[in-house]
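Examining the three-dimensional arrangement
One-letter residues, chain by chain:
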Amino acid sequence: MNTPAGTSTTSRRTTLFVSALATLASILALPAAGQLTSDPYPDAIPQSEGVIRVAYVEFAEVPDFEGRPPRMMHLAGEPGSDRMFVNDMWGVLYRISSGGETVTEYLDLTDSDWGFSVDARSGERGFQSFAFHPQFREAGTPGYGKFYTYVDVVDTSPEGDFTAPSNQVTHHTLLLEWTAGNPDADAYDGEGPREVMRFAQPFANHNAGQLGFNPLASPGDADFGLLYMGVADGGSGGDPLDLSQDLGLAFGKIFRIDPLGSTGANGEYGIPSDNPFAGDGDPTTLGEIYAYGVRNPQRFGWDPDNGNLFMSDIGQNTIEELSIVTRGANLGWNDWEGSYRFIGREGVDGGDYRTDPSVTYPVAEYGHTDPLLVEGDAAASGVHVYRDDAIPQLEGLVLFGDNPSGEILYIDADNLPEGGEEGVRRILLNDDGQAKTLLQLVREKTQAQGREPAENVDLRIGTGPDGRVFLLNKFDGTIRMLVP
């Protein structure tokens, strides 16, 4: 052994031994005495126990966009009519007839007349969501003809209403209000949009989420006409700027605003007085926040029976979650990933389970290592609470799912679990007597179309009039409807 001048072999061995002890100590010093795990739920979702089989039909076909399959994100019914709409992330909003026979372009956000350029350069950017004001078809009301779009744009020169403490801005996300001249028209016939708010995004992913008005609220209710918005944590991984727990920053939150009001900081929207942090006397707290501590809140939906607001939130590398969102709730991220203390991309602290009583933990979760999923990939989606009797086996269930695998999952809406995979079961699709997953159907369809077989699905669950449930994906352009 070569040793430095003046250093004995014995002292060198001592130094190596001390160094080895220090390395071992650093390993053992991981949070909760080394309870790091990437598999906190080793008991997988049952593959056959509790499986529900439902039939489906191919309801409608959405056209390609410039030779590429549509990236369908959200499907919803129009208030006061039997028409439905679906958005393509590339930038187009389509109108769907009640029977699915026709799919027609309603609004093209990529039209240069609107004064912005849609940023759809990656799988997570583009036309994110839309929502029609509940008064859309009611002449003489403030919301007549109005609907809202949530879209990523290229231009970052205007100042953002909401920014992150970062020198990097990759793109902006806009909430836009459109006003149709004739709400019954086949295509949008109004002027250019009004910009309601603008987010300066620090990273290229986790850009937005869903838009939605509470369908259970009636005129005169405190919640009527208020827009809920998923605002993701700004991106990268692990929330490196610690945005989600900061009540002075927009990212990692659920917003609730009055899009027709003017009390917001830019005067283009209102802050409901009953929002949890509105008027609390702290000027550093955003009154727009309804709940916080979310990572990538892709989808939410209300239970028609009791008003529970369910939200699916995409996890980091370990846990996907379904939670109930309540006024002022802290959903935990990035201190927690699901029910476990978050350590980092490598996993969670398996020894620290639901120890913070101030956090609202998920009602259901599943792990990334579950054998049902696409290997190495998972992302929670959803959400629809089925309270109809048209498909009896679904009545009283919360439907959600996994984006990449297309697995459709459920829990009992009236006997909610308390986290983990307990109570989570599968829904399979009956295809001429064979039980199949949505991924199997999409692979078969893409092959029949002459495309490369789909490797995943990017599942979204849409809802229409009469409680109808639709399955969307980003690879074959087909909208499938669940039927008895």
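Our structure is the block above this text.
Residues numbered from 1 in each chain as written. Predicted model: local features only at pLDDT ≥ 70, side-chain atom pairs only at ≥ 80, totals over all residues. Heavy atoms only, no water.

1. Comments concerning the overall build of the protein chain
We count it as follows: Numbering of helices and strands runs from the N terminus; a helix is a DSSP stretch of H or I covering at least four residues, while a strand is a stretch of E covering at least two. Here the radius of gyration uses the C-alpha set of atoms, whereas the globule reference equals 2.2 Å times the residue count to the power 0.38. Residues are treated as being in contact if the distance between any of their heavy atoms lies within 4.5 Å. With residues, only the protein chains shown are counted as cover, and all accessible areas are computed by Shrake-Rupley using a 1.4 Å probe. In this count, Lys and Arg are taken as positive residues and Asp and Glu as negative ones, while His and the chain termini are left out. We put the charge of a Lys on NZ, of an Arg on CZ, of an Asp on CG and of a Glu on CD.
In terms of helices and strands, the protein chain carries 3 helices and 29 strands. Over its C-alpha trace the protein chain gives a radius of gyration of 24 Å, about what one expects of a compact globule, namely 23 Å for 484 residues. Across its three principal axes, the protein chain shows a C-alpha extent of roughly 90 × 60 × 45 Å. Here the analysis covers contacts within the protein chain between residues at least 6 apart in sequence; of these, 63% occur between residues at least 24 apart. Accessible surface, the protein chain: about 19,000 Å² in total, of which carbon and sulfur atoms supply 47%. In the protein chain, 32 positive and 73 negative side-chain charges are present, and the distance between their average locations comes to 4 Å.

2. Some details on the sheet that holds strand S10 (residues 194-201)
Stated formally: Two strands make a pair as long as DSSP finds a minimum of two bridges between them. Helix axes are fitted only over the stretch in contact, all axes being lines through C-alpha atoms; the angle between N-to-C directions runs from 0 to 180 degrees.
Taken together, the 4 strands give an open sheet; going across it, the order is S7-S8-S9-S10, and neighbouring strands pair in antiparallel fashion. Each edge of the open sheet carries a strand with a single partner, namely strand S7 (127-132) and S10. Neighbour-to-neighbour, the strand axes of the sheet open up by a mean angle of 15°, direction not taken into account. Bridging between strand S9 (residues 171-179) and S10 involves 7 bridges; their strand directions are antiparallel. Note that in S10 the partner of His172 across the bridge is Ala200.

3. Description of the pattern of salt bridges
Which entries qualify depends on this criterion: The term salt bridge refers to a side-chain nitrogen of Lys or Arg lying within 4 Å of a carboxyl oxygen of Asp or Glu. Relative accessibility thresholds used throughout: buried, under 20% of the residue-type maximum; exposed, over 50%; partly exposed, between the two (1.4 Å probe, protein chains only).
On inspection of all chains with the given rule, the structure shows 29 salt bridges. The salt bridge involving Glu58 is made with Arg480; its shortest N-O contact spans 4.0 Å. Linking Glu58 in strand S2 (residues 52-61) with Arg480 in strand S29 (residues 478-483), this pair joins segments that are 422 residues apart in sequence. Residue Glu58 is classed as partly exposed on the basis of its relative accessible area of 44%. On the basis of relative accessible area, Arg480 is assigned to the buried category, the value being 1%. If you follow the salt bridges from partner to partner, you end up with Glu58, Glu61, Lys445, Asp476 and Arg480 in one network.

4. Here we look at unusual backbone geometry
Note that the residue after Trp333, namely Asn334, is joined by a cis bond; omega there is 5°. Position of Asn334 among the secondary structure elements: in the loop between strand S17 (319-324) and strand S18 (336-337). Between Gly382 and Val383 the backbone carries a cis peptide bond, its omega angle lying at -15°. Here Val383 is to be found in strand S22 (residues 380-386). If you check the backbone angles, His206 has positive phi at about 50° while not being a glycine. If you trace the backbone, His206 turns up in the loop between S10 and strand S11 (211-213). According to the relative accessible area criterion, His206 is buried, its value standing at 4%. With a phi close to 55°, Asp242 is a non-glycine residue in the positive phi region. Mapping Asp242 onto the fold places it in the loop between strand S12 (227-231) and strand S13 (253-257).

5. Details of the environment of Gly77
The topology assignment puts Gly77 in strand S3 (residues 72-77). With 113 residues separating them in the primary sequence, Gly77 and Gly190 have C-alpha atoms 20 Å apart.

6. Re the packing of aromatic side chains
What characterises a pair of aromatic rings is the spacing of the ring centres plus the angle enclosed by the ring planes. Convention followed: Each Phe, Tyr or Trp ring, with Trp reduced to its six-membered ring, pairs with another whose centre is within 6.5 Å; inter-plane angles below 30 degrees give stacked pairs, above 60 give edge-to-face pairs, and intermediate values give tilted ones.
This structure, assessed with the given rule, holds 29 aromatic pairs. Pairing Tyr41 with Tyr340 gives two aromatic rings, centres 5.8 Å apart and planes at 70°, and the pair type is edge-to-face. Taken together, the positions of Tyr41 in the loop between strand S1 (36-37) and S2 and Tyr340 in strand S19 (residues 340-344) put the pair 299 residues apart, joining distant regions of the chain. Since its relative accessible area comes to 11%, Tyr41 is described here as buried. Residue class for Tyr340 comes out buried when judged on its relative accessible area of 9%. Look at Phe162 and Phe199: their rings are 5.2 Å apart centre to centre, the planes differ by 25°, and that puts the pair in the stacked class. One end of the pair, Phe162, is in the loop between strand S8 (146-153) and S9; the other, Phe199, is in strand S10, and 37 residues separate them in sequence.

7. A word on the sheet that holds S11
An order of S11-S12-S13-S14 is seen for the 4 strands of this open sheet, with the pairing classed as antiparallel. With one partner strand each, in any of the chains shown, S11 and strand S14 (289-292) form the two edges of the open sheet. Pairwise comparison of adjacent strand axes, ignoring direction, gives a mean angle of 20° for this sheet. Summarising the sheet, S11 and S12 pair through 3 bridges and their orientation is antiparallel. For Phe213, the partnering residue across the bridge sits in S12 and is Leu227.

8. Observations concerning the side chain of Arg460
Rules: Counted as a polar contact is a pair of N or O atoms within 3.5 Å, where, for protein atoms, one must be capable of donating a hydrogen and the other of accepting one, and residues adjacent in sequence contribute only when both atoms are in side chains.
Here Arg460 is to be found in strand S27 (residues 460-463). The class for Arg460 is buried, based on a relative accessible area of 3%. Separated by 2.7 Å, the side chains of Arg460 and Asp458 make a polar contact. Every residue in contact with Arg460, bar those within four places of it in the chain, is listed here: Met72, Met73, Gln298, Arg299, Ser381, Asn403, Phe470, Leu471, Leu472 and Lys474.

9. With respect to the environment of Phe65
Relative to the helices and strands, Phe65 resides in the loop between S2 and S3. On a C-alpha basis, the gap between Phe65 and Asp431 in space is 28 Å, while along the polypeptide they are 366 residues apart. Sequence-distant contacts of Phe65, that is, excluding residues within four places in its chain, are made with Asp88, Trp90, Val92 and Thr110.

10. Thoughts on the side chain of Arg71
Take Arg71: it is sitting in the loop between S2 and S3. With near-sequence residues (within four places) excluded, Arg71 lies in contact with Asn87, Asp88, Met89, Trp90, Ala120, Ser122, Gly123, Glu124, Arg125 and Lys474.

11. Concerning the environment of Thr102
Residue position: Thr102 is located in the loop between strand S5 (92-96) and strand S6 (103-108). A C-alpha to C-alpha distance of 8.4 Å links Thr102 and Glu61, two positions 41 residues apart in sequence. Excluding its chain neighbours within four sequence positions, the residues that come into contact with Thr102 are Arg95, Ile96 and Ser97.

12. Some remarks on helix H3 (residues 438-448)
Spelled out, the test is: Our arc is simply the arc of the directions from the helix axis toward the C-beta atoms.
Buried within H3 we find Leu438, Leu439, Leu441, Val442, Lys445 and Thr446. For H3, the angular spread of the buried residues around the axis is 160°, confining them to a single face. Opposite the packed face of H3, turned more than 90 degrees from it, sit the exposed residues Gln447 and Ala448. At its buried positions, H3 is contacted by S2, strand S25 (425-431), strand S26 (434-436), strand S28 (469-472) and S29. Once H3 finishes, Gly450 follows within two positions and takes phi at roughly 80°, a positive value.

Spatial relationships are all this shows, so hold off on functional conclusions.
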